[in-house]
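# Reading the structure
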Amino acid sequence: ARRAAREAVEPVVQSYKQGQMIVPSGEIITPAHYEALAECGLVTPTDPTKRYAGAAAVVVVAMIFTVLYFLRRRTPPLQDLRGLLLFSAILLVFLVGARIILPNRSILPYLYPVPAFGLLVSVLFGMESGMVFSLLMSILVAYGMPDGLWLLPYYLLTSLCGVLALGQARRLGQFLYATAAIAGSGMALVMAYRFPFTDIDWVGILTLLGAAIFCGVASASLTLPLQYILSQFLGLTTALQLLEVSRPDSPLLKYFLQRAPGTYQHSLQVANLAEQAAERIQA
(Lines give C-alpha, C1' and ligand atoms only; values in the text may rest on other atoms or scores of the structure.)
Protein backbone atom coordinates (compact mmCIF):
# COMPACT_ATOMS: atom_id res chain seq x y z
CA ALA A 1 0.00 0.00 0.00
CA ARG A 2 2.84 2.38 0.83
CA ARG A 3 4.61 1.56 -2.41
CA ALA A 4 1.41 2.11 -4.34
CA ALA A 5 0.89 5.44 -2.58
CA ARG A 6 4.43 6.52 -3.46
CA GLU A 7 4.03 5.51 -7.07
CA ALA A 8 0.75 7.36 -7.31
CA VAL A 9 2.45 10.70 -6.46
CA GLU A 10 3.26 12.68 -9.59
CA PRO A 11 6.82 14.14 -9.73
CA VAL A 12 7.07 17.90 -9.20
CA VAL A 13 9.09 19.54 -11.97
CA GLN A 14 10.49 23.06 -11.50
CA SER A 15 11.91 24.76 -14.57
CA TYR A 16 14.02 27.92 -14.78
CA LYS A 17 14.60 30.19 -17.71
CA GLN A 18 18.05 31.47 -18.56
CA GLY A 19 18.88 34.43 -16.34
CA GLN A 20 16.07 33.69 -13.88
CA MET A 21 16.88 34.03 -10.17
CA ILE A 22 16.82 30.71 -8.35
CA VAL A 23 17.09 32.03 -4.80
CA PRO A 24 17.28 35.70 -3.74
CA SER A 25 20.06 37.00 -1.55
CA GLY A 26 19.46 36.59 2.18
CA GLU A 27 16.93 33.76 1.84
CA ILE A 28 17.58 30.40 3.50
CA ILE A 29 18.62 27.79 0.92
CA THR A 30 16.27 24.80 1.09
CA PRO A 31 17.05 21.32 -0.28
CA ALA A 32 14.97 22.21 -3.36
CA HIS A 33 17.03 25.36 -3.92
CA TYR A 34 20.28 23.43 -3.50
CA GLU A 35 19.13 20.77 -5.96
CA ALA A 36 18.27 23.45 -8.52
CA LEU A 37 21.63 25.18 -8.04
CA ALA A 38 23.45 21.86 -8.45
CA GLU A 39 21.51 20.94 -11.59
CA CYS A 40 22.35 24.32 -13.12
CA GLY A 41 26.04 23.83 -12.36
CA LEU A 42 26.20 26.70 -9.91
CA VAL A 43 27.33 24.57 -6.95
CA THR A 44 30.48 22.47 -7.00
CA PRO A 45 31.03 20.01 -4.14
CA THR A 46 34.19 20.67 -2.15
CA ASP A 47 36.74 17.92 -1.64
CA PRO A 48 38.32 18.30 1.84
CA THR A 49 41.20 16.06 0.83
CA LYS A 50 42.56 18.68 -1.55
CA ARG A 51 42.24 21.40 1.06
CA TYR A 52 44.06 19.34 3.69
CA ALA A 53 46.79 18.39 1.21
CA GLY A 54 47.38 22.04 0.34
CA ALA A 55 47.53 23.07 4.00
CA ALA A 56 49.92 20.18 4.74
CA ALA A 57 52.21 21.32 1.91
CA VAL A 58 52.37 24.85 3.34
CA VAL A 59 53.13 23.52 6.83
CA VAL A 60 55.88 21.22 5.52
CA VAL A 61 57.55 24.10 3.66
CA ALA A 62 57.34 26.23 6.83
CA MET A 63 58.95 23.41 8.83
CA ILE A 64 61.79 23.05 6.31
CA PHE A 65 62.34 26.80 6.35
CA THR A 66 62.49 26.82 10.17
CA VAL A 67 64.94 23.91 10.31
CA LEU A 68 67.24 25.53 7.74
CA TYR A 69 67.10 28.81 9.67
CA PHE A 70 68.20 27.16 12.91
CA LEU A 71 70.92 25.16 11.14
CA ARG A 72 72.40 28.28 9.56
CA ARG A 73 72.41 30.25 12.79
CA ARG A 74 75.59 29.86 14.83
CA THR A 75 73.76 30.81 18.02
CA PRO A 76 70.09 29.77 17.73
CA PRO A 77 67.68 32.07 19.61
CA LEU A 78 65.88 29.07 21.17
CA GLN A 79 68.59 27.15 22.99
CA ASP A 80 66.56 25.49 25.75
CA LEU A 81 63.42 23.39 25.92
CA ARG A 82 61.52 25.95 27.98
CA GLY A 83 62.06 28.66 25.37
CA LEU A 84 61.07 26.30 22.57
CA LEU A 85 57.87 25.31 24.36
CA LEU A 86 56.96 28.93 25.06
CA PHE A 87 57.60 29.94 21.45
CA SER A 88 55.49 27.02 20.20
CA ALA A 89 52.65 27.96 22.55
CA ILE A 90 52.67 31.60 21.39
CA LEU A 91 52.65 30.52 17.74
CA LEU A 92 49.79 28.08 18.24
CA VAL A 93 47.67 30.58 20.18
CA PHE A 94 47.94 33.23 17.47
CA LEU A 95 47.56 30.76 14.60
CA VAL A 96 44.65 28.73 16.00
CA GLY A 97 42.89 31.91 17.09
CA ALA A 98 43.19 33.28 13.56
CA ARG A 99 41.94 30.09 11.92
CA ILE A 100 38.89 30.00 14.23
CA ILE A 101 37.93 33.68 14.23
CA LEU A 102 38.83 35.02 10.78
CA PRO A 103 37.27 32.75 8.10
CA ASN A 104 34.24 34.22 6.31
CA ARG A 105 34.74 37.63 7.93
CA SER A 106 35.29 40.91 6.14
CA ILE A 107 36.58 43.31 8.83
CA LEU A 108 38.00 40.98 11.50
CA PRO A 109 41.03 39.92 9.40
CA TYR A 110 42.21 43.54 9.43
CA LEU A 111 41.54 43.88 13.16
CA TYR A 112 43.32 40.69 14.24
CA PRO A 113 46.68 41.66 15.85
CA VAL A 114 49.00 39.39 13.87
CA PRO A 115 51.91 41.89 14.29
CA ALA A 116 51.75 41.29 18.07
CA PHE A 117 53.28 37.86 17.46
CA GLY A 118 56.31 39.38 15.74
CA LEU A 119 56.69 42.05 18.44
CA LEU A 120 56.51 39.47 21.21
CA VAL A 121 59.04 37.14 19.59
CA SER A 122 61.31 40.12 18.92
CA VAL A 123 61.26 41.24 22.55
CA LEU A 124 61.84 37.74 23.96
CA PHE A 125 64.15 36.14 21.39
CA GLY A 126 65.65 38.95 19.34
CA MET A 127 64.69 41.21 16.46
CA GLU A 128 65.96 38.81 13.78
CA SER A 129 63.76 36.00 15.09
CA GLY A 130 60.80 38.37 15.21
CA MET A 131 61.22 39.21 11.52
CA VAL A 132 61.81 35.62 10.39
CA PHE A 133 58.86 34.13 12.22
CA SER A 134 56.59 37.04 11.29
CA LEU A 135 57.05 35.85 7.72
CA LEU A 136 55.87 32.34 8.60
CA MET A 137 52.96 33.56 10.71
CA SER A 138 51.74 35.88 7.95
CA ILE A 139 51.80 33.06 5.39
CA LEU A 140 50.04 30.56 7.65
CA VAL A 141 47.31 32.98 8.75
CA ALA A 142 46.55 34.31 5.27
CA TYR A 143 46.55 30.87 3.61
CA GLY A 144 43.09 29.81 2.46
CA MET A 145 41.41 33.11 3.35
CA PRO A 146 39.04 34.61 0.76
CA ASP A 147 41.23 37.76 0.61
CA GLY A 148 44.46 35.85 1.20
CA LEU A 149 46.36 37.60 -1.61
CA TRP A 150 45.60 40.97 0.00
CA LEU A 151 45.98 39.85 3.60
CA LEU A 152 49.45 38.34 3.14
CA PRO A 153 51.24 41.65 2.37
CA TYR A 154 49.07 43.36 4.98
CA TYR A 155 50.15 40.98 7.74
CA LEU A 156 53.74 40.67 6.58
CA LEU A 157 54.62 44.32 6.06
CA THR A 158 52.80 45.58 9.15
CA SER A 159 54.63 42.96 11.26
CA LEU A 160 58.04 43.80 9.79
CA CYS A 161 57.50 47.55 10.18
CA GLY A 162 56.41 47.02 13.77
CA VAL A 163 59.43 44.86 14.64
CA LEU A 164 61.87 47.34 13.07
CA ALA A 165 60.23 50.30 14.81
CA LEU A 166 60.27 48.50 18.17
CA GLY A 167 63.98 47.70 17.90
CA GLN A 168 65.41 46.53 21.21
CA ALA A 169 62.40 47.88 23.15
CA ARG A 170 64.51 49.83 25.61
CA ARG A 171 61.85 52.41 26.41
CA LEU A 172 58.10 52.78 26.35
CA GLY A 173 58.31 55.31 23.54
CA GLN A 174 59.46 52.58 21.18
CA PHE A 175 56.15 50.78 21.70
CA LEU A 176 54.43 53.95 20.54
CA TYR A 177 56.68 54.00 17.48
CA ALA A 178 55.72 50.38 16.79
CA THR A 179 52.04 51.29 17.11
CA ALA A 180 52.43 54.14 14.65
CA ALA A 181 54.45 51.96 12.23
CA ILE A 182 51.88 49.16 12.22
CA ALA A 183 48.91 51.51 11.92
CA GLY A 184 50.55 53.66 9.24
CA SER A 185 51.74 50.76 7.11
CA GLY A 186 48.38 49.02 7.50
CA MET A 187 46.49 52.10 6.33
CA ALA A 188 48.84 52.51 3.37
CA LEU A 189 48.36 48.87 2.34
CA VAL A 190 44.58 49.16 2.62
CA MET A 191 44.69 52.11 0.26
CA ALA A 192 47.16 50.33 -2.05
CA TYR A 193 45.18 47.09 -2.41
CA ARG A 194 41.59 48.25 -1.94
CA PHE A 195 41.42 51.69 -3.53
CA PRO A 196 42.55 50.90 -7.12
CA PHE A 197 41.13 47.38 -7.51
CA THR A 198 37.65 47.59 -5.99
CA ASP A 199 34.64 49.86 -6.34
CA ILE A 200 35.05 52.91 -4.15
CA ASP A 201 33.02 52.46 -0.99
CA TRP A 202 34.10 55.23 1.32
CA VAL A 203 32.36 53.73 4.33
CA GLY A 204 34.12 50.42 3.77
CA ILE A 205 37.48 52.12 3.13
CA LEU A 206 37.19 54.20 6.32
CA THR A 207 36.20 51.10 8.27
CA LEU A 208 39.30 49.24 7.07
CA LEU A 209 41.50 52.24 7.86
CA GLY A 210 40.10 52.28 11.37
CA ALA A 211 40.73 48.54 11.61
CA ALA A 212 44.40 49.09 10.67
CA ILE A 213 44.73 51.69 13.44
CA PHE A 214 43.12 49.32 15.94
CA CYS A 215 45.49 46.54 14.84
CA GLY A 216 48.51 48.72 15.65
CA VAL A 217 47.17 49.77 19.05
CA ALA A 218 46.12 46.23 19.97
CA SER A 219 49.45 44.71 18.90
CA ALA A 220 51.56 47.02 21.06
CA SER A 221 49.07 46.85 23.95
CA LEU A 222 49.25 43.04 23.97
CA THR A 223 53.02 42.93 23.69
CA LEU A 224 53.76 45.28 26.59
CA PRO A 225 52.14 43.25 29.41
CA LEU A 226 52.83 39.84 27.88
CA GLN A 227 56.58 40.43 27.74
CA TYR A 228 56.65 40.92 31.52
CA ILE A 229 54.60 37.77 32.14
CA LEU A 230 56.40 35.48 29.68
CA SER A 231 59.89 36.73 30.57
CA GLN A 232 59.29 35.47 34.11
CA PHE A 233 58.61 32.01 32.71
CA LEU A 234 61.83 32.10 30.67
CA GLY A 235 63.93 33.64 33.41
CA LEU A 236 64.83 36.52 31.07
CA THR A 237 65.39 40.13 31.97
CA THR A 238 64.00 42.40 29.28
CA ALA A 239 65.44 45.79 28.39
CA LEU A 240 62.61 47.60 30.15
CA GLN A 241 63.20 45.59 33.32
CA LEU A 242 66.92 46.42 33.22
CA LEU A 243 66.11 50.11 32.90
CA GLU A 244 63.74 49.81 35.86
CA VAL A 245 66.51 48.27 37.99
CA SER A 246 69.11 50.84 36.88
CA ARG A 247 67.11 53.87 38.03
CA PRO A 248 69.10 55.97 40.54
CA ASP A 249 66.28 55.75 43.10
CA SER A 250 66.49 51.95 43.12
CA PRO A 251 66.96 50.78 46.75
CA LEU A 252 70.06 48.76 45.90
CA LEU A 253 71.76 51.60 44.04
CA LYS A 254 70.90 54.10 46.81
CA TYR A 255 72.45 51.75 49.37
CA PHE A 256 75.51 51.33 47.14
CA LEU A 257 75.90 55.10 46.68
CA GLN A 258 75.68 55.78 50.42
CA ARG A 259 78.06 53.02 51.53
CA ALA A 260 80.64 53.01 48.69
CA PRO A 261 80.37 56.22 46.62
CA GLY A 262 83.78 55.80 44.98
CA THR A 263 83.03 52.29 43.81
CA TYR A 264 79.60 53.48 42.62
CA GLN A 265 81.12 56.18 40.40
CA HIS A 266 83.80 53.82 39.11
CA SER A 267 81.11 51.26 38.22
CA LEU A 268 79.18 53.88 36.23
CA GLN A 269 82.29 54.76 34.21
CA VAL A 270 83.06 51.12 33.47
CA ALA A 271 79.42 50.52 32.50
CA ASN A 272 79.53 53.47 30.09
CA LEU A 273 82.68 52.10 28.46
CA ALA A 274 81.10 48.65 28.19
CA GLU A 275 77.97 50.15 26.63
CA GLN A 276 80.00 51.91 23.94
CA ALA A 277 81.89 48.71 23.17
CA ALA A 278 78.66 46.72 22.99
CA GLU A 279 77.12 49.23 20.57
CA ARG A 280 80.18 49.00 18.30
CA ILE A 281 79.88 45.20 18.01
CA GLN A 282 76.05 45.31 18.05
CA ALA A 283 75.83 43.19 21.17
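All of these numbers come straight from a predicted model, not from anything done at the bench.

## Details of the overall build of the protein
- Summing up its helical and strand segments, the protein has 13 helices and 0 strands in all.
- Taken over C-alpha atoms, the radius of gyration comes to 28 Å for the protein, far larger than the 19 Å a tight globule of 283 residues would show.
- The principal-axis extents of the C-alpha atoms in the protein amount to approximately 110 × 45 × 35 Å.
- Scored against the burial criterion, the 283 residues of the protein give a buried share of 33%.
- Relative to all contacts within the protein whose residues are 6 or more apart in sequence, the contacts with residues 24 or more apart total 65%.
- Per element, the accessible surface of the protein, about 18,500 Å² overall, is 65% carbon and sulfur.
- Averaging the locations of the 19 positively and 15 negatively charged side chains of the protein gives two centres separated by 11 Å.

## Concerning a nonpolar patch on the surface
- On the surface, Val60, Ile64, Val67, Leu68 and Leu71 cluster together into a nonpolar patch covering about 470 Å² of accessible area.
- With respect to the helices and strands, the residue Val60 is situated in helix H3 (residues 48-72).

## Details of helix H10 (residues 202-234)
- Between the first and last C-alpha of H10 there are 47 Å, a value that for 33 residues agrees with the 48 Å anticipated at 1.5 Å per step.
- Of all the bends in H10, the greatest measures close to 35° and is centred on Leu226.
- Immediately downstream of H10, the backbone of Gly235 shows phi near 75°, a positive value.

## A look at the packing of helix H6 (residues 115-125) against helix H7 (residues 127-142)
- Where H6 contacts H7, the two axes come as close as 7 Å, and the packing angle between them is 150°. When the axis of H6 is compared with that of H7, the two are roughly antiparallel. Our pair here, H6 against H7, has a crossing hand that is right-handed. For the pair H6 and H7, the contacting residues are Phe117, Gly118, Val121, Ser122 and Phe125 in the first and Met127, Ser129, Gly130, Phe133, Ser134 and Met137 in the second.
- Of the residues contributing to the contact of H6 with H7, the split by class is 6 nonpolar, 5 polar and no charged.

## Some points on helix H13 (residues 261-280)
- With 20 residues, H13 should reach 28 Å at 1.5 Å per residue; the first-to-last C-alpha distance of 29 Å fits that figure.
- Just downstream of H13, Gln282 is the residue with a positive phi angle, here 55°.

## Details of the packing of aromatic side chains
- Here the structure, examined in full by the defined rule, presents 10 aromatic pairs.
- An angle of 65° between the planes, with centres 5.0 Å apart, marks the rings of Tyr110 and Tyr154 as edge-to-face. Remark: Tyr154 occurs in helix H8 (residues 148-166) and Tyr110 occurs in helix H5 (residues 108-111); sequence separation between them is 44 residues. When sorted by exposure, Tyr110 lands in the same class as Tyr154, which is buried.
- Positioned over the ring face of Tyr52 is Arg51, at 5.3 Å from the centre of the ring.

## A word on the state of the cysteines
- Counted under the stated rule, the structure contains 0 disulfides.
- Of the cysteine sulfurs around Cys215, a residue in no disulfide, the closest is that of Cys161, at 12 Å.

## Observations regarding the confidence of the model for the protein
- This prediction gives the protein a mean pLDDT of 86; 97% of its residues lie at or above 70.
- Per-element confidence in the protein ranges from a low mean pLDDT of 75 for helix H11 (residues 239-245) to a high of 92 for helix H1 (residues 2-8).

## Digging into the environment of Tyr69
- Residue placement: Tyr69 occurs in helix H3.
- Distance from Tyr69 to Val132, taken between C-alpha atoms, is 8.6 Å for residues 63 residues apart in sequence.

## Things to note about the side chain of Thr66
- Within the secondary structure, Thr66 sits in helix H3.
- For Thr66, the residues in contact, after removing those within four places along its chain, are Phe133 and Leu136.

Reading the values: the criteria
- Residues numbered from 1 in each chain as written.
- Predicted model: local features only at pLDDT ≥ 70, side-chain atom pairs only at ≥ 80, totals over all residues.
- Heavy atoms only, no water.
- Helix = DSSP H or I, 4+ residues; strand = E, 2+ residues; numbered from the N terminus.
- Rg over C-alpha atoms; globule rule 2.2 N^0.38 Å.
- Buried < 20%, exposed > 50% of the residue type's maximum accessible area, 1.4 Å probe, protein only.
- Contact = heavy atoms within 4.5 Å.
- Areas by Shrake-Rupley, 256 points an atom, 1.4 Å probe, with all protein chains shown as cover.
- Lys, Arg positive; Asp, Glu negative; His and termini not counted.
- Charge placed at Lys NZ, Arg CZ, Asp CG, Glu CD.
- Patch = residues over 30% accessible without salt bridge, like charges linked within 9 Å, V, L, I, M, F, W, Y side chains within 5 Å.
- Salt bridge = Lys/Arg side-chain N within 4 Å of Asp/Glu carboxyl O.
- Expected span 1.5 Å × (residues − 1).
- Bend = angle between axes of the 7 residues up to and from the residue.
- Axes fitted to C-alpha atoms, helices over the stretch in contact; angles between N-to-C directions.
- Parallel < 35°, antiparallel > 145°, perpendicular 65-115°, else oblique.
- Left-handed = near helix turned anticlockwise from the far one by under 90°.
- Nonpolar A, V, L, I, M, F, W, Y, C, P; charged D, E, K, R; others polar.
- Phe/Tyr/Trp six-rings, centres within 6.5 Å; stacked < 30°, edge-to-face > 60°.
- Lys NZ or Arg CZ within 6 Å of the ring centre and 35° of its normal.
- Disulfide = S-S within 2.5 Å.
- pLDDT = per-residue confidence, 0-100.

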